[in-house]
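Examining the three-dimensional arrangement
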Amino acid sequence: MCGIVGAVAQRNIVPVLVEGLRRLEYRGYDSCGVAVLSNGEPRRARSVERVADLDAQVRETHLSGMTGIAHTRWATHGAPVTDNAHPIFSRDTVALVHNGIIENYETLREMLKGKGYEFVSQTDTEVIAHLIHSMYRGDLFQTVRDAVRQLHGAYAIAVIHKDQPHTVVGARQGSPLVVGVGQGENFLASDALALAGSTDHFAFLEEGDVVEIGLDGVKIVDREGLPAEREVRVVTAYGGAVELGPYRHFMQKEIFEQPRAITDTIPQADHFDPALFGAGAGDVFAGIDSLLILACGTSYYSGLTAKYWLESIAKIPTQVEIASEYRYRESVPNPKALVVVISQSGETADTLAALKHAQSLGHKHTLAVCNVATSAMVRQTEFAFLTHAGTEIGVASTKAFTTQLVGLFVLAVTLAKMRGHVNAKQEAAYFGQLRHLPAALNSVLALEPQIIAWSEEFARKENALFLGRGLHYPIALEGALKLKEISYIHAEAYPAGELKHGPLALVTEAMPVVTVAPNDTLLEKLKSNMQEVRARGGELYVFADADTRIVSEDGIHVIRMPEHYGPLSPILHVVPLQLLAYHTACARGTDVDKPRNLAKSVTVE
Ligand code: G6P
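Predicted, not measured: the structure shown is a model, and the values here were computed from it.

With that out of the way, let us pick up the packing of helix 9 (residues 297-312) against helix 16 (residues 473-487). Helix-helix packing is characterised by the crossing angle of the two axes and by the distance between the axes. Two elements in contact, helix 9 and helix 16, have axes separated by 8 Å at closest approach and are oriented at 165°. Relative to helix 16, the element helix 9 lies roughly antiparallel. By crossing handedness, the relation of helix 9 to helix 16 is classed as left-handed. Every residue of helix 16 that contacts helix 9 at Gly297, Thr298, Tyr301, Leu304, Thr305 and Tyr308 is listed here: Tyr473, Pro474, Ile475, Leu477, Glu478, Leu481 and Lys482. When grouped by side-chain class, the residues that make up the contact of helix 9 with helix 16 number eight nonpolar, three polar and two charged.

Below you can see the structure in the form of structure tokens.
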């Protein structure tokens, strides 16, 4: 989603700003721009194409300056046209970039029009630029502190003013913003990844902070306007993370990184211990009576999978909710529930708001399962389990999902052990299975050539159904989501037993039906559901465990998975579905890593 980069230096910072945007491209955007103070005047370049086009423009026009801001925009208010692209100017004096949504922009716009300001964009952002211009009395830092008090909604902003040549001012409320600390130069960005290569020293701003960066220093005030110190941490994890290597797309690279990502995520110690979730987790976990899981998108499906583990292994009641629903409905809080937020980025606006909503209702105990140690969610929760997937660039989540599943499985067995449902022998067996998982995944990845053959068939279809049962129903949901996100084929997933209650009406010879067929206790039921499809002429594409003895025959295509992998089987079964979506999208020629209309990190509602 939208990205911000800002810099103050004693060198031309346009290349740093453009490189920062390039590093944020994976988040999804539909226009981009950069503005610098050049001989005391704000000058800008904007593009509704890619960052590469913006780069060409700045080279052609020799845009250069030592103070500047840049932005990738994902349109919310106003179409993705040049006039709406950031940086937004006010009277050629103030230049501003903004992530988030200003909810009271209409009132502010009327007020500013009354003062003679002319609006040239359809954005909510333009009111902030004019507001700052109208309030400026010689001190940009103070002006921004005063101006943001009038804003309702979510924002991260970075602003420059023509009269303050070595200053960028930023502010955050509901959208992330970090300060990159350099030597004789300083930076701002919506994500530390944007500044990899420029600095590895970061200070993470808190909600309500306003910051001024200059050549030699950084000043921060908190939401009360009081001077604030934010710890400067060294974050090196981002170096080299955006290299594609031998792969065609980041998504493919990330699918193949899963054995490594899972190895890094499995706890070092050979036992399941509440301390893995943070100091004091043992006492808290001993007192909880249920779990409430909140998440969005793919992370929601990892929560749905975890529910099966938590209820069957740990025998603990578990509710899983889509964050954007939970945050706005009246629910019955249970202070003895552990609230678990699952998020790759740790910044998804709906999940973060759902967490805060749960806390406001009196939920004291919270845990984040997250891939970014410095994210807002990790900072907002009592406990955290960090997945070590590494930076995920492809918009469609893959390695983040499977590492989340590892974290959630560790949680389920830890709770089961604490509640006396797992003995030492079972614990060792579960650990053994976790340790063997990367090798098992490698054998699934080796199925890629067979999956490529199927993908050529799928590329010609416009619809697909995915079936799964029990623990593998969320995997069918995830498979359908992957296919629709990147190949734009309409796909739906059903628990196979529900087929006859509606979707069977859609089944004809034109409808491929992907079936997740592990050799578990529901296999015979699933085989009956497959017959229901065959009887209507539907074509079945089955991922079957080797020991199921399901064989290819007329209308039934089978790819043979390894033997059944017990409760961790969903982690194996999702991989061929990721590959099927990936190769189908490649065959259809879509922009796999940046599918249309989607963003990697959804930091607005
Ligand atoms: C976006 C991404 C999805 C992701 C979802 C939740 O929609 O495109 O891949 O699953 O956000 O993101 P999170 O970072 O909270 O896991």
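With respect to spatial proximity, 13 residues lie near the ligand, and among them Ser299, Ser343, Gln344, Ser345 and Thr348 are the closest. The contact in question runs from an oxygen atom of the ligand to an N or O atom on the backbone of Gln344, over 2.7 Å. One nitrogen or oxygen atom from the main chain of Ala599 is found 2.9 Å from an oxygen atom belonging to the ligand. Taken by itself the ligand offers 390 Å² of open surface, and the protein chains cover 90% of this. Sort the elements by how many residues they give to the shell around the ligand and helix 9 lands first, with three residues. Classifying every residue of the shell around the ligand by side-chain character gives four nonpolar, eight polar and one charged.

With that settled, the discussion passes to the sheet that holds strand 8 (residues 168-173). A sheet is described by the order of its strands in space; here six strands give the open sequence 5-6-7-8-12-13, paired in antiparallel fashion. On the outer flanks of this sheet lie strand 5 (88-90) and strand 13 (218-221), each paired with one strand and no other. Strand-to-strand, the axes of this sheet are offset by a mean angle of 20°, without reference to chain direction. Of the pairings in the sheet, the one linking strand 7 (residues 153-161) to strand 8 comprises four bridges and is antiparallel in character. Paired with Ala156 across the strands is Arg172, a residue of strand 8. Sheet strands touched by helix 5 (residues 140-148): strand 7, strand 8, strand 12 (210-213) and strand 13. Its angle to strand 7, the strand with the most contacts, is close to 160°.

Under the counting rule described, the total for this entry stands at three cavities of 30 Å³ or more. When its volume is computed, the largest cavity comes out at roughly 60 Å³. In terms of lining, the largest cavity is formed by Cys2, Arg73, Trp74, Thr76, His86, His98, Asn99, Gly100, Asp124 and Thr125. Of all the elements, strand 6 (residues 94-102) adds the most residues to the lining of the largest cavity, at three residues. Residues of the lining of the largest cavity, tallied by class, amount to two nonpolar, six polar and two charged.

Turning to the packing of aromatic side chains, a few remarks are in order. One pass over the structure, following the stated rule, counts 12 aromatic pairs. Aromatic pair Phe285 and Phe383: ring centres 6.0 Å apart, planes at 75°, arrangement edge-to-face. In this pair, Phe285 sits in helix 8 (residues 281-287) while Phe383 sits in strand 19 (residues 383-386), placing the two residues 98 residues apart along the sequence. By relative accessible area, Phe285 is classed as buried at 2%. Geometrically, the ring pair formed by Phe458 and Tyr541 is edge-to-face, given 4.8 Å between the ring centres and 70° between the ring planes. One end of the pair, Phe458, is in helix 15 (residues 448-458); the other, Tyr541, is in strand 23 (residues 539-545), with 83 residues separating them in the sequence. For Phe458, a relative accessible area of 1% translates into the label buried. One aromatic cluster is present, formed by Phe277, Phe285, Phe383 and Phe385 through successive ring pairs. Over the aromatic face of Phe141 sits the side chain of Arg145, whose NZ or CZ is 5.1 Å from the ring centroid. The side chain of Arg596 reaches across the aromatic face of Tyr488, ending 3.8 Å from its centre.

Time to look at the UniProt feature "active site" (unreviewed entry) in the chain. UniProt annotation of "active site" (unreviewed entry) refers to Cys2 and Lys600 when read in the numbering used here. These annotated residues cover 599 residues of sequence, but their C-alpha atoms sit close together, with the largest distance between any two at 9.8 Å. Checking the annotated residues one by one, the ones that line the largest cavity turn out to be Cys2. For Cys2, the position within the fold is in the segment before strand 1 (3-8). The contact partners of Cys2, leaving out residues within four places of it in the chain, are Arg27, His71, Thr72, Arg73, Trp74, Asn99 and Ser190.

Moving on, we get to the sheet that holds strand 21 (residues 490-495). Taken together, the five strands give an open sheet; going across it, the order is 21-20-22-23-24, and neighbouring strands pair in parallel fashion. Edge positions in the open sheet fall to strand 21 and strand 24 (556-561), since each of these has one partner strand only. Pairs of neighbouring strands in the sheet enclose a mean axial angle of 20°, with direction left out of account. Relative to strand 24, strand 23 is paired through six bridges, and the arrangement is parallel. If you follow Asp545 over to strand 24, its bridge partner there is Met561. Across the sheet, helix 15 touches strand 20 (463-468), strand 22 (512-517), strand 23 and strand 24, and the angle it forms with strand 23 is around 160°. Lying on the sheet, helix 16 is in contact with strand 20, strand 21 and strand 22; it crosses strand 21 at an angle near 175°.

Here the UniProt-annotated "domain: Glutamine amidotransferase type-2" (unreviewed entry) positions come out as residues 2-216. Secondary structure content for residues 2-216 is 23% helix and 33% strand, and the end C-alpha separation is 28 Å.

Conventions and cut-offs
- Residues numbered from 1 in each chain as written.
- Predicted model: local features only at pLDDT ≥ 70, side-chain atom pairs only at ≥ 80, totals over all residues.
- Heavy atoms only, no water.
- Axes fitted to C-alpha atoms, helices over the stretch in contact; angles between N-to-C directions.
- Helix = DSSP H or I, 4+ residues; strand = E, 2+ residues; numbered from the N terminus.
- Parallel < 35°, antiparallel > 145°, perpendicular 65-115°, else oblique.
- Left-handed = near helix turned anticlockwise from the far one by under 90°.
- Contact = heavy atoms within 4.5 Å.
- Nonpolar A, V, L, I, M, F, W, Y, C, P; charged D, E, K, R; others polar.
- Near = heavy atom within 4 Å.
- Polar contact = N/O pair within 3.5 Å; in protein donor to acceptor, adjacent residues only side chain to side chain.
- Areas by Shrake-Rupley, 256 points an atom, 1.4 Å probe, with all protein chains shown as cover.
- Pairing = 2+ DSSP bridges.
- 1 Å grid on protein atoms, 1.4 Å probe; cavity = no way out; pocket = protein on both sides within 12 Å on 5 of 7 lines; lining within 4 Å.
- Points joined across faces, edges and corners; volume = space filled by probe spheres on them.
- Phe/Tyr/Trp six-rings, centres within 6.5 Å; stacked < 30°, edge-to-face > 60°.
- Buried < 20%, exposed > 50% of the residue type's maximum accessible area, 1.4 Å probe, protein only.
- Lys NZ or Arg CZ within 6 Å of the ring centre and 35° of its normal.
- UniProt positions renumbered as here; feature names shortened; annotations may be inferred.

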